[in-house]
Amino acid sequence: MALLTRAYLKEHTPQGIAVGSLKQYPEKVLQIGEGNFMRGFVDWMIDGLNRQGLFNGSILVVHPTPRGHAAQLDAQDGLYSLILRSRIDGQVRDDRQIVTAIDRALDPYQQYEAFLASARQKEMRFIFSNTTEAGIAYVAQARPDACPESFPAKLAIWLYERYRAFGGAQDKGMVVIPCELIEQNGQKLRQIILRHAKDWGLESGFESWITSACTFLDTLVDRIVTGYPAAEAESLQAAWGYEDRMIDTGEIFHFFAIQGDASWDEELPLVKGGYNVVWARDIAPYRDRKVRLLNGAHTMSVLAAYLGGLDIVGEMVADGDFGAFLRSGLYQEIIPGVALPLEEKQAFADAVLERFSNPFMKHKLLDISLNSVSKFKVRNLPSIKAALERGETPRRLLLALAALFAFYRPARQADGAFFGRRAGGDEYPIRDDQEILQAFAEAWAAYDANADAAALVRALCARADFWGEDLTRLPGLTAGVTEQLQTILDKGTRAACAALK
Ligand SMILES: NC(=O)c1ccc[n+]([C@@H]2O[C@H](COP(=O)([O-])OP(=O)(O)OC[C@H]3O[C@@H](n4cnc5c(N)ncnc54)[C@H](O)[C@@H]3O)[C@@H](O)[C@H]2O)c1
Ligand SMILES: O=P(O)(O)OC[C@@H](O)[C@@H](O)[C@H](O)[C@H](O)CO
């Protein structure tokens, strides 16, 4: 079967899938991050703008770590098939298209000169990124003469190259729109870039250019993107008639909040193009709503459900015990702690449950389990604290923390990797920072010697470096988590969740 390329599309009209604009546009966007999410979100939007004649620009993608998919994407001339599917008001929507917005993909480690050369392209105007929550971090390093490891250092050197190439011209500044799910993503990225400029002794004119000519916008993104559809990939390619190793899948729903003036829509016409985008003075309420209700609902439920034998979010929501546990946790313990109008929260929660039930999405519980400690801290801990402040004991959220402790119990270690085992014998990877995995392994080794669940919970809850504070100081928390953990150890997560559904 022929590979999906521009040459292929000149000769063939694939059946059952729309094709984006095949015009040649100048590269106006540098995108750092070639993951599933970016291809199912930002690239899809730029693609739609081009089809409507509203942007007329293409994207240069680079991958942020030494391992990435640039070579495969480039072999396909930046093209890939995207399937967006949901059931909305009882009707199935199944949108399929070949996204054509990416012009080139580079591996900046192997093609460092080409990466820097792109900074000298005068049409470049926007930078989008998604490098996971781990990507926007300051990593000290000397002024680089090869591709830097960290994402902000890469961006700093790229911007410096641009500053020098155009003599600090104000009209060559960039609009930087990071999509990482961390608070104040744009402002944090800007601060790190300025810190690198200082570390590297770059002239003060560069700092002024970053401050006056470049704009860093904070954002909040929302769309469930589930990536390569392994189970149906073969039949899809056979039906379309081409080979595509970069197929991406997701839901129809999307939402993008950008903290910035609505006048930006003139240059980046996302609202005009019909996307569910808001330019807002303050995106914090959107962030709280999404992170606490949607991501919080995932984080409170998936580890218990996985240990209870389930694999996919949709199965979990439909399950008599785990689904009911999720719903009561969401409506009774998470919603009351979010400072927004009740009607809005309930409508959002209803929509979240409908999105989780999407029959086309095979969202793996194990994928969501990645880095659960930092996720619990951001996504569930604020809801626990809000409940305690109301004088309530959020037993379901405490069960969720106990399930996290149980999920992080290693059955085997190999080459620094940790594996747990669920009832029935399946082994699974426990993926988090090494220091966290080590601490859990030690706590469980002590438990194996003394069978003292309370001591294990106390030791792990006291790790302020994991949770941002010493959780043993929160009234009733250690006792509540210990009670739930004991139930999980004695009867399993299904019985524990069934008792609180
Ligand atoms: N998939 C979704 O439904 C979804 C929705 C909203 C937000 N997100 C966010 O997007 C991120 C990526 O999700 P995805 O589904 O695209 O995953 P993915 O595995 O397809 O892509 C991950 C991307 O992040 C980069 N990356 C990984 N570790 C990094 C590190 N330490 N430093 C810099 N870059 C790193 C990879 O090179 C790759 O480009 C997630 O962390 C998530 O918070 C995902
Ligand atoms: O992508 P993660 O690993 O940060 O979190 C898992 C899910 O909660 C997340 O992907 C949501 O589906 C997404 O944030 C929806 O917009």
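Procedures and definitions
Residues numbered from 1 in each chain as written. Chains lettered and ligands numbered in written order. Predicted model: local features only at pLDDT ≥ 70, side-chain atom pairs only at ≥ 80, totals over all residues. Heavy atoms only, no water. UniProt positions renumbered as here; feature names shortened; annotations may be inferred. Helix = DSSP H or I, 4+ residues; strand = E, 2+ residues; numbered from the N terminus. Rg over C-alpha atoms; globule rule 2.2 N^0.38 Å. Buried < 20%, exposed > 50% of the residue type's maximum accessible area, 1.4 Å probe, protein only. Lys, Arg positive; Asp, Glu negative; His and termini not counted. Salt bridge = Lys/Arg side-chain N within 4 Å of Asp/Glu carboxyl O. Polar contact = N/O pair within 3.5 Å; in protein donor to acceptor, adjacent residues only side chain to side chain. Contact = heavy atoms within 4.5 Å. Axes fitted to C-alpha atoms, helices over the stretch in contact; angles between N-to-C directions. Parallel < 35°, antiparallel > 145°, perpendicular 65-115°, else oblique. Left-handed = near helix turned anticlockwise from the far one by under 90°. Nonpolar A, V, L, I, M, F, W, Y, C, P; charged D, E, K, R; others polar. Pairing = 2+ DSSP bridges. Near = heavy atom within 4 Å. Areas by Shrake-Rupley, 256 points an atom, 1.4 Å probe, with all protein chains shown as cover. Core = buried A, V, L, I, M, F, W, Y, C linked by side-chain atoms within 4.5 Å.

- If you look the chain up in an unreviewed UniProt entry, it shows as Tagaturonate reductase from Luoshenia tenuis.
- What UniProt states about the chain under its Catalytic activity (unreviewed entry) heading is, verbatim, "D-mannitol 1-phosphate + NAD(+) = beta-D-fructose 6-phosphate + NADH + H(+)".

### Points about the overall build of the chain
Stage number 1. Scanning the chain from N- to C-terminus turns up 23 helices and 16 strands.
Stage number 2. On C-alpha atoms alone, the chain measures out to a radius of gyration of 24 Å, which is about the 23 Å that the 2.2 N^0.38 rule sets for 501 residues.
Stage number 3. In terms of overall dimensions, the chain has C-alpha extents of about 65 × 55 × 50 Å along its principal axes.
Stage number 4. Here the chain holds 501 residues, and the buried ones make up 56% of them.

### Describing the side chain of Asp218
Stage number 1. With respect to the element layout, Asp218 can be found in the loop between β9 (215-216) and β10 (219-222).
Stage number 2. Despite its burial, Asp218 pairs with no opposite charge; the closest candidate is Lys188, at 8.5 Å N-O.
Stage number 3. For Asp218, the side chain forms a polar contact with the main-chain nitrogen of Gln187, separated by 2.9 Å.
Stage number 4. Leaving out residues up to four positions away in the same chain, Asp218 has contacts with Gln184, Asn185, Gly186, Gln187, Ala257, Ile258, Gln259 and Ile283.

### Side note on the packing of helix α7 (residues 151-165) against helix α8 (residues 185-199)
Stage number 1. Close contact between α7 and α8 brings their axes to 9 Å; oriented N to C, the two are set at 65 degrees. For the element pair α7 / α8, the angle class is roughly perpendicular. Of the two elements, α7 crosses α8, and the hand of that crossing is right-handed. On α8, the residues that touch Phe151, Pro152, Ala153, Leu155, Ala156 and Leu159 of α7 are Leu189, Ile192, Ile193 and His196.
Stage number 2. Its residues placed into classes, the contact of α7 with α8 shows nine nonpolar, one polar and no charged.

### What about the pairing of strand β7 (residues 126-129)?
Stage number 1. Residue alternation in β7 divides its side chains into two sets, Phe126 and Phe128 and Ile127 and Ser129, and both sets are buried.
Stage number 2. Direction of pairing for β7 relative to strand β8 (residues 175-178): parallel, over a ladder of four bridges. In the sheet register, Ser129 faces β8, and the bridge partner there is Pro178.

### Some remarks on the pattern of salt bridges
Oppositely charged side chains may form a pair once their charged atoms are brought near each other.
Stage number 1. Going through the model one piece at a time under the given rule, you end up with 32 salt bridges.
Stage number 2. As a salt-bridge pair, Arg104 and Glu27 come within 2.7 Å of each other at their nearest N and O atoms. Highlighted residues: Arg104 in strand β6 (residues 102-106) and Glu27 in strand β2 (residues 27-32), separated in sequence by 77 residues.
Stage number 3. Relative accessible area serves as the criterion here: at 27%, Arg104 is assigned to the partly exposed category.
Stage number 4. Overall, Glu27 belongs to the buried group, its relative accessible area being 7%.
Stage number 5. Across the pair Glu344 and Arg289 runs a salt bridge whose closest N-O atoms are separated by 3.2 Å. Separated by 55 residues along the polypeptide, Glu344 in helix α14 (residues 342-356) and Arg289 in helix α11 (residues 284-307) bring together distant segments of the chain.
Stage number 6. Note on Glu344: relative accessible area 31%, which makes it partly exposed.
Stage number 7. By relative accessible area, Arg289 is classed as buried at 14%.

### Examining the sheet that holds strand β15 (residues 417-421)
Sheets are built from strands that pair by backbone hydrogen bonding, the pairs being arranged parallel or antiparallel.
Stage number 1. Judged by pairing direction, the sheet is antiparallel, and its three strands sit side by side in the order β14-β15-β16 without closing on themselves. With partners counted over all chains shown, the strands left at the sheet margins are β14 (412-414) and β16 (427-430), one partner each. On average, each strand axis in the sheet is tilted by 35 degrees relative to the strand beside it, whichever way the strands run.
Stage number 2. Strand direction decides the pairing type here: β14 and β15, joined by three bridges, are antiparallel.

### Quick look at the site of ligand 2
Stage number 1. The immediate surroundings of ligand 2 are formed by 13 residues, with Asp222, Lys290, Asn295, His298 and Lys375 found nearest.
Stage number 2. Between ligand 2 and the protein, one listed contact pairs an oxygen atom with a side-chain N or O atom of His298 at 2.7 Å.
Stage number 3. About the coverage of ligand 2: the protein hides 82% of its 390 Å² of free accessible area.
Stage number 4. Among the elements of the structure, α11 and α16 (372-379) are those that each provide at least two residues to the shell around ligand 2.
Stage number 5. In terms of residue count, the dominant contributor to the shell around ligand 2 is α11 (four residues).

### Focus: the nonpolar core
Stage number 1. Counting residues in hydrophobic clusters, the biggest one holds 75 residues, and the most contacted among them are Leu404, Phe405, Phe440 and Trp467.
Stage number 2. By residue number, the principal contributor to this core is helix α18 (residues 395-407), which donates eleven residues.

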